[in-house]
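The lines below spell out each chain.
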Amino acid sequence: MAKANKHLDHLEDRIILEGSQGGRDAIDVLKKMGALLSGKPGPGIAVTTKWDGAPAIVCGIDPEDNKFFVGTKSVFAKDAKICKTPEDIVKFYGTGGGLADKLQASLQYLPSSVSRGILQGDLMFTDDKKEETIDNERMITFRPNTITYAANPRTQLGRDIKKAKIGIVFHTKYTGDKMSDLSASFNVDKTDFTTGNEVWAERAEFQDISGVASFSPPDRNKYDAAVRMAEGSLSQSSRVADMIQSGKKPLQIDTEFLKFFNNYVKQGREIPSVQKAYDDYMRHLNDEFNKAYGKVTTEKAINKKTEMWAQQIFFILKNKGEIKMLIATYMNLQKAKMLLVDRMKKISSLRLFVDRGGGDYEATTPEGFVAIVNGQATKLIDRMEFSKLNFTVPKIW
């Protein structure tokens, strides 16, 4: 079965998801990114910008019959939905409605852009572009998801977007002899597609031509200090990070840590301190087990849940110092990551806004970035900012 590029992990989550190796890999990402933003990129590192597009489109040439196809990530499902004709789209997705119409436009226009190979990208616009005034300036705008993108129609970029019938940003390439056995990579080359006329196509590569995102020497010193802090706390939490690995089983320490940290993001709150987070996590764990008790009725099931709870509380208390250092590692990775993101999000070829309704637009920044180190991709995102947008800006999909 082909493997789609479906999910990427946040940098700081890797210590919880993968234990000490995930922590070391996260540190490696930070070090390589620091070198990149200091003008000394080493081998094995690439960076892409996360575009807030929707839906995800997979398109290209089916290697088994040499015919062009389009689809969503469902092309990789067991019962694959691979669309090579308008009738295929109707069969799988019906007529009318957003997704079906987007796929029909993709099938009509993208063959002129992708004539070989298979690419995945984020769809940015079809026939839903607008011309409107933002900050007293006339703009061409499109909003595929949460962020509204805007271009000056008097620039070459604006003219290209205005002329195009479809816009897409490619970020993943697939290779293989069969649709059921494809391999994904992030090294999309500019020769893998064409852009112009009816198709505005870009690749998600991060480019800082002007040097705006580069670290100054004082910035680099501050960043290196943050990375050293993450390394130090990791060295004191590696053992327990490995011991809590459960493979994402419910009500286990690692799984609940992920839920717990994500709750801070959903609530738009920073993690206050290691001690406060430790105390909050203990309450979170108790609350989750109390919910679980309410879902079982037999004495045997209740006793099993009680025993599981007791084992976890005992483990945490026995390893209290290392658990706190695990929390510190998570926070330190997050802190170092944000020093990167705050620099990088100054770069965008388009102006970005959030539509608050009634013609009220608020300037914003890119969703985030993806660091690819030795072929493995990790998300670098300002989770507080983008989560706040996801929860406060009405969806159009």
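Each remark here, short or long, concerns the structure printed above.
First, a word on scope: everything that follows refers to the structure included in this document. These numbers were taken from a predicted model, which means no experiment stands behind them.

**Some details on the sheet that holds strand β13 (residues 361-363)**
Thought 1: Pairing in this open sheet of five strands is antiparallel, and the strands run β6-β7-β8-β12-β13 from one edge to the other. Strands at the two margins of the open sheet, each flanked by one partner only, are β6 (130-134) and β13. Within the sheet, the average angular offset between the axes of one strand and its neighbour, ignoring direction, is 45°.
Thought 2: Relative to strand β12 (residues 351-355), strand β8 (residues 147-151) runs antiparallel, the two being bridged by four bridges.

**Digging into the pattern of salt bridges**
Thought 1: For the structure on display, the rule yields 26 salt bridges.
Thought 2: A salt bridge links Arg-220 to Asp-224, with the nearest nitrogen and oxygen atoms 2.9 Å apart. With a gap of four residues between them, Arg-220 and Asp-224 both fall in helix α5 (residues 217-235), about one helical turn apart.
Thought 3: Given a relative accessible area of 23%, Arg-220 falls into the partly exposed group.
Thought 4: A salt bridge links Glu-288 to Lys-291, with the nearest nitrogen and oxygen atoms 3.1 Å apart. Residue Glu-288 and its partner Lys-291 are located together in helix α8 (residues 274-293), separated by three residues, close to a single helical turn.
Thought 5: Under the relative-accessibility criterion, Glu-288 is labelled buried at 11%.

**What about helix α9 (residues 299-318)?**
Thought 1: Between its terminal C-alpha atoms α9 stretches 28 Å, which fits the 28 Å expected from 20 residues at 1.5 Å a residue.
Thought 2: All buried positions along α9 are accounted for by Met-308, Gln-312, Ile-313, Phe-315 and Ile-316. In a view along the axis of α9, the buried residues occupy a sector of 160°, so they form one face of it. Exposed residues lying more than 90 degrees from the buried face of α9 are Glu-299, Lys-300, Phe-314 and Lys-318.
Thought 3: Contacts from the buried residues of α9 go to α6 (238-243), α7 (253-266), α8 and α10 (320-344).

**Considerations on the environment of Leu-17**
Thought 1: Tracing the backbone through its elements, the reader meets Leu-17 in helix α1 (residues 14-37).
Thought 2: Separated by 227 residues in the primary sequence, Leu-17 and Ile-244 place their C-alpha atoms 9.5 Å from one another.
Thought 3: Residues contacting Leu-17, with those up to four places away along its chain left out, are Asp-9, Gln-245, Lys-248 and Leu-258.

**What about the packing of aromatic side chains?**
The description of an aromatic ring pair rests on the distance of the ring centres and on the angle between the ring planes.
Thought 1: By the definition in use, this model includes 19 aromatic pairs.
Thought 2: One aromatic cluster is present, built from ring pairs that chain together Phe-257, Phe-260, Phe-261, Tyr-264, Tyr-281 and Tyr-330.
Thought 3: Between Lys-324 and the ring centre of Tyr-278, over which it is positioned, the NZ or CZ distance is 5.4 Å.

**Looking at the side chain of Lys-324**
Thought 1: With respect to the element layout, Lys-324 can be found in helix α10.
Thought 2: Look at Lys-324: it is buried, it has no salt bridge, and the nearest opposite charge is Asp-279 at 6.4 Å.

**Considering empty space enclosed by the protein**
Thought 1: All told, the structure shown has one cavity of 30 Å³ or more when counted by the stated rule.
Thought 2: Put simply, the largest cavity is a space of about 40 Å³.
Thought 3: In terms of lining residues, the largest cavity is bounded by Lys-345, Thr-364, Thr-365, Pro-366, Glu-367, Asp-382, Glu-385, Phe-386 and Leu-389.
Thought 4: Partitioned by chemical class, the residues of the lining of the largest cavity number three nonpolar, two polar and four charged.

Conventions and cut-offs
Residues numbered from 1 in each chain as written. Predicted model: local features only at pLDDT ≥ 70, side-chain atom pairs only at ≥ 80, totals over all residues. Heavy atoms only, no water. Pairing = 2+ DSSP bridges. Helix = DSSP H or I, 4+ residues; strand = E, 2+ residues; numbered from the N terminus. Axes fitted to C-alpha atoms, helices over the stretch in contact; angles between N-to-C directions. Salt bridge = Lys/Arg side-chain N within 4 Å of Asp/Glu carboxyl O. Buried < 20%, exposed > 50% of the residue type's maximum accessible area, 1.4 Å probe, protein only. Expected span 1.5 Å × (residues − 1). Arc of directions from axis to C-beta. Contact = heavy atoms within 4.5 Å. Phe/Tyr/Trp six-rings, centres within 6.5 Å; stacked < 30°, edge-to-face > 60°. Lys NZ or Arg CZ within 6 Å of the ring centre and 35° of its normal. Lys, Arg positive; Asp, Glu negative; His and termini not counted. 1 Å grid on protein atoms, 1.4 Å probe; cavity = no way out; pocket = protein on both sides within 12 Å on 5 of 7 lines; lining within 4 Å. Points joined across faces, edges and corners; volume = space filled by probe spheres on them. Nonpolar A, V, L, I, M, F, W, Y, C, P; charged D, E, K, R; others polar.

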